[in-house]
Amino acid sequence: MAEYAIGRKQKLMMSRPFKVTLKLMAYVLTCFVIFGPLSGLVIWSFAEKWHWPAIFPQSWGISYWLKAFKGDMMNSFVNGIEIAVITTIIVVAISVPLAYVMARYRIPIKPVIMVLFLLPQAFPSLPIFANLSVVFYRWNIAGQKTGVILVHIGAAFIYSIWTMVSVFQSIPKVLEDAAYSMGASNIRTFFDVALPLAVPGIIASSLLVFLYSLDEFTGTLMIGSPFVKTLPVQMYTSSMGYEMQIASVTSLIITIPGILLLLCFERFMKAEYLSSFGRI
Amino acid sequence: MNHIKIMEKLPDRRKACYGLLGAVIILPAVILVLVIYVYPFLQSFISSFQSHGSFSFENYKYVSEVYAYDVFYTIVISAISLLCVMLIGIFIGGYLIISENKVLEFLFKIPLFIPFVVVGHAIRTFLAPKGILNSLLGQIGLVNMESPPDFIYGFTGTVIALTWKQMAFALLLIMGAFESVDKSYLEAARNFGASGFKQIKDILLPLSWGSIGVSAVLIYTSFLQNFSVVMMMGKGDGPQHLMIDIYHRINYLNDYGVANALGVISYILAMGAAIIYLRKVLKNDG
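Residues numbered from 1 in each chain as written. Chains lettered and ligands numbered in written order. Predicted model: local features only at pLDDT ≥ 70, side-chain atom pairs only at ≥ 80, totals over all residues.

## A short note on the overall build of chain B
Put simply, the rule is: Secondary structure follows DSSP: runs of H or I at least 4 residues long count as helices, runs of E at least 2 residues long count as strands, and numbering of each begins at the N terminus. Whether a residue is buried, exposed or partly exposed follows from its count of other C-beta atoms within 10 Å of its own C-beta, namely 20 or more, 12 or fewer, or something in between, respectively; the C-beta atoms are built from the backbone. In this description, a residue-residue contact is defined by the distance between C-beta atoms placed from the backbone, which must lie within 7 Å.
The helix and strand inventory of chain B stands at 14 helices and two strands. Each principal axis of the C-alpha atoms in chain B carries an extent, and together these give about 85 × 65 × 30 Å. In chain B, buried positions account for 45% of the 286 residues. In chain B, the proportion of contacts linking residues at least 24 apart, taken out of those at least 6 apart, comes to 76%.

The following block contains the structure:
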């Protein structure tokens, strides 16, 4: 036994330099894999002139960044923010009370409602939105902000409802029971006990809704185009047209809010909160 | 014991939420989902069986003649990307849990917040024939500058871009599952000299199959329904992802019949996954 322990110790000691090298290689490889593609965006966004096969651009500049703050792109940016703000407000207004009810009460035909809210996550959305655009044409809201906002509300809702339910489920029920035992009504208990406790969770999930709407692509393209453009759609068009600089600047503008959110809320980002990010 | 009696006297908290207030809370959401998802979903079935204003199987016949290979291609591309993502998720996720390496964990989570459209463009700048990687490799003489290798558009590029984006999501979900495994099992295994690989294979994996299955389903559907990356990494000729075919049919040919037949096929491809997902999630809810 003692022999085994010594042998093991020796093995550990001998492998230390090897282990450090391995770890270093892991860091280098990870940075390469993650930042490699992203570095392309950053370099291209500052490249005035970049001809193959130079590793770096022949001349640098910020003229494409300046372009981002006027004309079409500014327009798309403002559109996107406007749509995202309205979407977030409406989604939160719909899903907070509903999530509370789903977390705490028996509701009629609950299984049906659960399936209704779960299934949209499991089916391809492009063919669905294609048919929705026909409906919206009939209602005269295709190619308009109203139509895009409606799609975003629907798409963000099916994710946010589950986030909100888990927020309310994580609040200890005893606190609400205490309120009831003091004679508080259902409504009062919700507003005075459950809601204040849920505020951090609600803020986190409404930020995710905001980000989802800001990044949403398929629905905006199917319903909004060609009249309503947001940055992802604008970016897609310019990347497909090989306008590398414009596309890269737009990409970075789209990406920055998400990265900031990741940095600020790293600790709060639980897996169940983030399932919407598998789709955008 | 006293507090239990008090609890019993409380009004029944699990009482049903009927009445006007309940309806006001529940109905808007139900109507929203019915309009945005259920109606268009049903409409695609109806439209797929209509040709020249009457009921027919014409659209499906056309699909089987023209798009059969694309259906196969879509399945293969989703399956291979899923395999890559799950392998990365399980082994890197397992390693990150065992080594508790927060820095690498943070790095791997970055792609989660980068939308698919941006990923498509980023991978293009990086891996295109005249992209950054070839330029770098060219400097050290590994790549022929005159005719840089062009493998990125089509199958390979799509798989790489999809894998790059979703590995963060897979890590998030799988590490969440691994996180709930009791750490003392790992410690015990380590004391007996189990390697990292063994700890993953024999402890972490068997204890979290259920959650890993759900993650796989979610990721598979996200590949099946992806539009932006497959469009940006696609090649003009050769087989196409079903979503591109649908978009093409609608946008350029205004042919909703065939587009919806393709859509219905994509629903069927997602159906198995959807059922597994639903059963698992509803079971968890109790």
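That was the structure; now back to the text.
## Concerning the overall build of chain A
Check the secondary structure of chain A and you find 11 helices and two strands. Secondary structure of chain A in N-to-C order comes out as α-β-β-α-α-α-α-α-α-α-α-α-α. Buried residues in chain A amount to 45% of all 280 residues. Of all intrachain contacts in chain A linking residues separated by at least 6 positions in sequence, the fraction that spans at least 24 positions is 72%.

## Focus on the interface of chain B and chain A
Opposite the 86 residues of chain B that make contact, chain A presents 77 residues. Take the side of chain B that touches chain A: its biggest share by element is 16 residues, from helix H2 (residues 19-48) of chain B.

## Comments concerning the domain arrangement of chain A
All names here are of chain A. This is how the line gets drawn: The domain boundaries here were taken from an automatic or database domain assignment. Under the convention adopted here, Pro, Cys and the residues Ala, Val, Leu, Ile, Met, Phe, Trp and Tyr are nonpolar, Asp, Glu, Lys and Arg are charged, and Gly plus all remaining residues are polar.
The domains assigned to chain A are domain 1 (2-60) and domain 2 (66-278). Its C-alpha centre places domain 1 at a distance of 36 Å from the equivalent point of domain 2. Residue-level contacts link five residues of domain 1 with six residues of domain 2. In terms of residue count, helix H1 (residues 2-45) provides more of the side of domain 1 that touches domain 2 than any other element does, four residues in total. Here the residues of the side of domain 1 that touches domain 2 are counted per class, giving four nonpolar, one polar and no charged.

## Quick look at the packing of helix H5 (residues 125-138) of chain A against H2(B)
Selection rule: To get an axis, a line is fitted to the C-alpha atoms, and for a helix only the part in contact is used. The angle between two axes follows their N-to-C directions and goes from 0 to 180 degrees. Should an angle fall under 35 degrees it is called roughly parallel, over 145 degrees roughly antiparallel, and 65 to 115 degrees roughly perpendicular, with every other angle called oblique.
For the pair H5(A) and H2(B), interaxial distance at closest approach is 8 Å and the crossing angle is 95 degrees. The angle between H5(A) and H2(B) places the two elements in the roughly perpendicular class. From H5(A), Pro127(A), Ile128(A), Asn131(A), Leu132(A) and Val135(A) reach across to H2(B), where they touch Ile36(B), Tyr37(B), Tyr39(B), Pro40(B), Phe41(B), Gln43(B), Ser44(B) and Ser47(B). Across the contact of H5(A) with H2(B), the residue classes break down as nine nonpolar, four polar and no charged.

## Overview of unusual backbone geometry
All names here are of chain A. Cis geometry marks the peptide bond from Ser225 to Pro226, where omega comes out at 5 degrees. Note on placement: Pro226 falls in the loop between helix H9 (218-224) and helix H10 (231-240). Its identity is not glycine, yet Tyr242 carries a phi of approximately 55 degrees, on the positive side. Mapped onto the elements, Tyr242 comes out in the loop between H10 and helix H11 (244-265).

## Some details on the confidence of the model for chain A
All names here are of chain A. We apply this condition: The predictor attaches a confidence to each residue, and that confidence, scored 0 to 100, is pLDDT.
Here chain A shows a mean pLDDT of 83. Residues at 70 or above account for 89%. Across chain A, the element-wise mean pLDDT spans from 76 in H1 up to 92 in H5. Low pLDDT (under 50) marks residues 1-7, which in the prediction has zero contacts with non-local residues, meaning those over four places away or in another chain.

## A closer look at the confidence of the model for chain B
Residue and element names in this part refer to chain B. Across chain B, pLDDT averages 84, with 93% of residues at or above 70. When the elements of chain B are averaged for pLDDT, helix H1 (residues 2-9) gives the smallest value, 43, and helix H4 (residues 68-99) the largest, 92. Scored below 50 in pLDDT, residues 1-11 makes six contacts in the model with residues more than four places away or belonging to other chains. For this predicted complex, the interface score ipTM comes out at 0.85, alongside a pTM of 0.87.

## With respect to the packing of H5(A) against helix H13 (residues 242-251) of chain B
Spelled out, the test is: Handedness of a crossing is defined here by the sense of rotation of the near helix relative to the far one, left-handed for an anticlockwise turn of less than a right angle and right-handed for a clockwise turn.
It is the contact of H5(A) with H13(B), at a shortest axis distance of 9 Å, that shows an interaxial angle of 15 degrees. What the angle tells us is that H5(A) and H13(B) run roughly parallel. The way H5(A) lies across H13(B) gives a crossing that is left-handed. The segment H5(A) lies against H13(B), with Leu126(A), Pro127(A) and Ala130(A) engaging Met243(B), Ile246(B), Tyr247(B) and Ile250(B). The residue inventory of the contact of H5(A) with H13(B), partitioned by class, reads seven nonpolar, no polar and no charged.

## Brief notes about H5(A)
Residues and elements named next belong to chain A. What counts is decided by this rule: Residue count minus one, scaled by 1.5 Å, sets the expected span of a helix.
Helix length check: H5 (14 residues) gives 20 Å between terminal C-alpha atoms against 20 Å at 1.5 Å per residue, within 8%. Taken across its 14 residues, H5 has 10 buried, putting it largely inside the fold. Taken as a whole, H5 has its buried residues at Ser125, Leu126, Pro127, Ile128, Phe129, Ala130, Asn131, Leu132, Ser133 and Phe136. Following H5 by one or two positions, Asn140 has its phi on the positive side, about 65 degrees.

## Some words on the environment of Ser59(A)
Residues and elements named next belong to chain A. Along the chain, the position of Ser59 falls in strand E2 (residues 59-60). Sequence spacing of Ser59 and Pro17 is 42 residues, and the spatial spacing of their C-alpha atoms is 43 Å. Leave out the neighbours within four places in its chain, and Ser59 touches Glu48 and Lys49.

## Some points on the environment of Ser56(B)
Residue and element names in this part refer to chain B. Relative to the elements of secondary structure, Ser56 occurs in the loop between strand E2 (54-55) and helix H3 (58-66). Sequence spacing of Ser56 and Lys102 is 46 residues, and the spatial spacing of their C-alpha atoms is 58 Å. Each residue touching Ser56, except ones within four places of it in the same chain, is listed here: Phe49 and Ser51.

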